[in-house]
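This is what each chain is made of:
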Amino acid sequence: MAGVNKVILIGNLGKDPEVRHLESGATVANFPIATTETYKDRNGNRQEQTEWHNIVLWRGLAEIAEKYLKKGNQIYVEGKLRTRSWEDKEGNTRYTTEVVGDNMTMLGGRSDGGSSEGPAATSSRQPAQETQTSQPTHTTVNDEDDDDLPF
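The text that follows walks through the structure, step by step, so that each part is easy to find. (Residues numbered from 1 in each chain as written. Predicted model: local features only at pLDDT ≥ 70, side-chain atom pairs only at ≥ 80, totals over all residues. Heavy atoms only, no water.)

Considerations on the overall build of the protein chain
Along the protein chain, the regular secondary structure elements total one helix and seven strands. For the protein chain, the succession of helices and strands along the chain, N to C, is β-β-β-β-α-β-β-β. A buried classification covers 31% of the 151 residues belonging to the protein chain. Within the protein chain, contacts between residues separated by at least 24 positions form 52% of all contacts whose residues are at least 6 apart in sequence. Accessible surface for the protein chain amounts to roughly 10800 Å². Of this, 45% is attributable to carbon and sulfur atoms. (Helix = DSSP H or I, 4+ residues; strand = E, 2+ residues; numbered from the N terminus. Buried < 20%, exposed > 50% of the residue type's maximum accessible area, 1.4 Å probe, protein only. Contact = heavy atoms within 4.5 Å. Areas by Shrake-Rupley, 256 points an atom, 1.4 Å probe, with all protein chains shown as cover.)

Structure, rendered in structure tokens:
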């Protein structure tokens with residue numbers, strides 16, 4: 001059976017994307033996002049645990065990141081984990097694990113006074129779409145409203 005390498009994150013950018021245009025013509029964007037989990041400890045005190053994730057976007061997604069993303073923006077990212085290695089100045093082998101995104105959606109929240117509208121979702125496998133969309137609506141179903149159910 002084949003393995004699955006799939007990551008789904010919703011978090012806030014820790015800094016503006018660092019975008020590079022390579023000699024091959026490809027564009028790559030790198031930035032960290034923070035995901036925060038909130039829970040109550042044994043004493044009932046609210047605790048937060050923040051994890052930082054290094055995100056890498058290529059081509060069309062990188063161009064959208066360069067144009068629209070800023071520190072503090074909330075995004076949804078789908079991708080895969082990739083670990084790479086390199087040698088530092090002292091000759092030591094160093095490793096880093098990154099999320100290589102193949103789908104990204106800009107979400108609302110923590111924007112710096114600018115519009116949170118922009119491309120709703122784009123995949124690096126598709127041409128970059130720069131259509132303006134509004135925030136998605138969410139429908140909540142309340143089971144208590146179904147009074148005519150027989151049970």
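Some remarks on the nonpolar core
In terms of nonpolar packing, the biggest core is built from 19 residues, with Phe31, Ile33, Ile55, Leu57, Leu69, Ile75 and Met104 touching the most fellow members. Breaking this core down by element, the ones donating at least two residues are strand S1 (7-13), strand S3 (27-40), strand S4 (46-58), helix H1 (59-68), strand S5 (74-87) and strand S6 (93-107). With five residues, the top contributor of residues to this core is H1. Setting aside residues up to four positions removed in sequence, Leu57 forms contacts with Thr27, Val28, Ala29, Phe31, Ala62, Ala65, Gly101 and Met104. (Core = buried A, V, L, I, M, F, W, Y, C linked by side-chain atoms within 4.5 Å.)

Some remarks on the side chain of Thr35
One can find Thr35 in strand S3. A distance of 2.8 Å separates polar atoms of two side chains, one belonging to Thr35 and the other to His53. Not counting the four nearest positions on each side in its chain, Thr35 is found in contact with Leu9, Ile10, Gly11, Gln49, Thr50, Glu51 and His53. (Polar contact = N/O pair within 3.5 Å; in protein donor to acceptor, adjacent residues only side chain to side chain.)

What to know about the pairing of S5
The pairing of S1 with S5 spans six bridges and is classified as antiparallel. By the bridge assignment for S5, Ile8 is matched with Glu78. Across 14 bridges, the pairing between S5 and S6 is antiparallel. Opposite Gly79, over in S6, you have Gly101 as the bridge partner. (Pairing = 2+ DSSP bridges.)

Points about the pattern of salt bridges
Taken as a whole and judged by the stated rule, the model has three salt bridges. In this structure, Glu78 engages Lys6 in a salt bridge whose closest nitrogen and oxygen atoms are separated by 2.8 Å. Of the two residues, Glu78 is situated in strand S5 and Lys6 in the segment before S1; the sequence distance between them amounts to 72 residues. For Lys6, a relative accessible area of 48% corresponds to the partly exposed category. Arg84 is the partner of Glu98 in a salt bridge, and the nearest nitrogen-oxygen pair spans 2.9 Å. With Glu98 in strand S6 and Arg84 in strand S5, this residue pair connects regions lying 14 residues apart in the sequence. Relative accessible area serves as the criterion here: at 40%, Arg84 is assigned to the partly exposed category. (Salt bridge = Lys/Arg side-chain N within 4 Å of Asp/Glu carboxyl O.)

Description of unusual backbone geometry
Phi is positive for Arg59, which is not a glycine, with a value near 50°. Judged by its relative accessible area of 49%, Arg59 falls in the partly exposed class.

Notes on the pairing of S6
Where S4 lies against S6, two bridges are found, and the strand directions are parallel. In the strand pairing of S6, Val56 is matched with Val100. The turn joining S5 and S6, which pair antiparallel and follow one another in sequence, is formed by five residues; a positive phi near 85° is taken by Gly91.

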